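Next come the chains, spelled out residue by residue.
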Amino acid sequence: FGAAQFNPSITTEQMEKYKELTNKLIKVASAASFSFSMRERLTEIIEGKMDAIVKDDSVEDVEESARLIKTFLNNVINNPYEDKFRKINLANKIVAAKVGQNKSCVAVLKSVGFTKTGTDMFYKADKRVINIAPLVVARDCIEKWIQRNRKEMAALARKRKDDLLKANLVFEEEEEE
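Notes on the structure in this doc start here. Note that the structure is a prediction, hence the values are computed from the model and not measured. Every chain begins its residue count from 1, and numbering advances along the sequence as written. pLDDT decides what is reported in this predicted model: residues at 70 or higher carry local features, side-chain atom pairs at 80 or more are listed and counted, and totals for whole chains, interfaces and linings draw on all residues regardless. To get the side-chain values, all heavy atoms of the structure are used, and hydrogens and water are removed first.

Attention now goes to the overall build of the protein chain. Counting secondary structure elements, the protein chain contains six helices and three strands. Under the scheme used here, helices are H or I runs from DSSP no shorter than 4 residues and strands are E runs no shorter than 2 residues, and both carry numbers assigned from the N terminus. The order of α-helices and β-strands along the protein chain, N terminus first, is α-α-α-β-α-α-β-β-α. A simple rule labels every residue: compare its accessible area, found with a 1.4 Å probe on the protein chains alone, to the largest value its type can have, and call it buried under 20%, exposed over 50%, or partly exposed in between. Split into buried and exposed, the 177 residues of the protein chain put 32% on the buried side. In what follows, residue pairs with any heavy atoms lying within 4.5 Å of each other are defined as contacts. If you take every contact in the protein chain between residues at least 6 apart in sequence, the share linking residues at least 24 apart comes to 73%. To measure how exposed things are, a 1.4 Å probe is used in the Shrake-Rupley method; for residues, cover is taken only from the protein chains shown. Taken as a whole, the protein chain presents about 11,400 Å² of accessible surface, with 53% of it coming from carbon and sulfur.

If you want it as structure tokens, here you go:
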């Protein structure tokens, strides 16, 4: 897993191939160590937490929040050795607006193993080699959840926008009186 240098040294092309094969090995080994019952349990947890996001009025665009969470998971899955992808800065303007300020969104990340420290979340920061199987299961679950609930999320977003417009209209009428 890249712990030792190659002797004799290898070309850049060979190093890329080595990294690709190592990532495939990690995915296969992770999947083999994650039982069917663990997958089912995690899927139920993720679906429940995603349903909670829809009911959370502090989440303005549920689909965008879900896609951002999925992107975070994808980044770790595709780059399991890169520490920068295993850290989420909740103070970042975009992240804070879509995920960081919403307990429901943070709960989804915690359910797959992210831990919160101050304004950051980390995935197994103390480990060099990680099991990405829970992340793959969660990512796939979120993608299926988005597909199933797209109409409901659009209707909810439209209702929130209508409610906001009605509130502004009432406020403007009161000002005129």
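What follows covers the packing of helix α3 (residues 62–78) against helix α5 (residues 103–111). Between α3 and α5, the least distance of the axes is 11 Å, while the angle of their chain directions is 25°. With respect to α5, the element α3 is oriented roughly parallel. Seen along the crossing, α3 lies across α5 with a hand that is right-handed. Contact residues: Ser65, Ile69 and Leu73 in α3; Cys105, Val108 and Leu109 in α5. Residue polarity is assigned by list, with Asp, Glu, Lys and Arg as charged and Ala, Val, Leu, Ile, Met, Phe, Trp, Tyr, Cys and Pro as nonpolar; anything else, Gly included, falls into the polar class. Here the residues of the contact of α3 with α5 sort into five nonpolar, one polar and no charged. Only the stretch in contact is used when a helix axis is fitted, and all axes are lines through C-alpha atoms; the angle between N-to-C directions ranges over 0 to 180 degrees. Each angle is binned into one of four classes, with values under 35 degrees roughly parallel, values over 145 roughly antiparallel, values of 65 to 115 roughly perpendicular, and all other values oblique. Crossing handedness is defined as follows: a turn of the near helix away from the far one that is anticlockwise and smaller than a right angle gives a left-handed crossing, while the clockwise case is right-handed.

Think of a salt bridge as a Lys or Arg side-chain nitrogen and an Asp or Glu carboxyl oxygen that are within 4 Å of each other. For the structure on display, the rule yields six salt bridges. Where Arg67 meets Glu63, a salt bridge forms, and the shortest distance between an N and an O atom there is 3.1 Å. Placement of both Arg67 and Glu63 in helix α3 is noted, with a separation of four residues, approximately one turn of the helix. Judged by its relative accessible area of 26%, Arg67 falls in the partly exposed class. When the shortest N-O distance is used, the salt bridge between Arg139 and Asp140 registers 3.2 Å. Residue classification places Asp140 among the partly exposed positions, given a relative accessible area of 33%.

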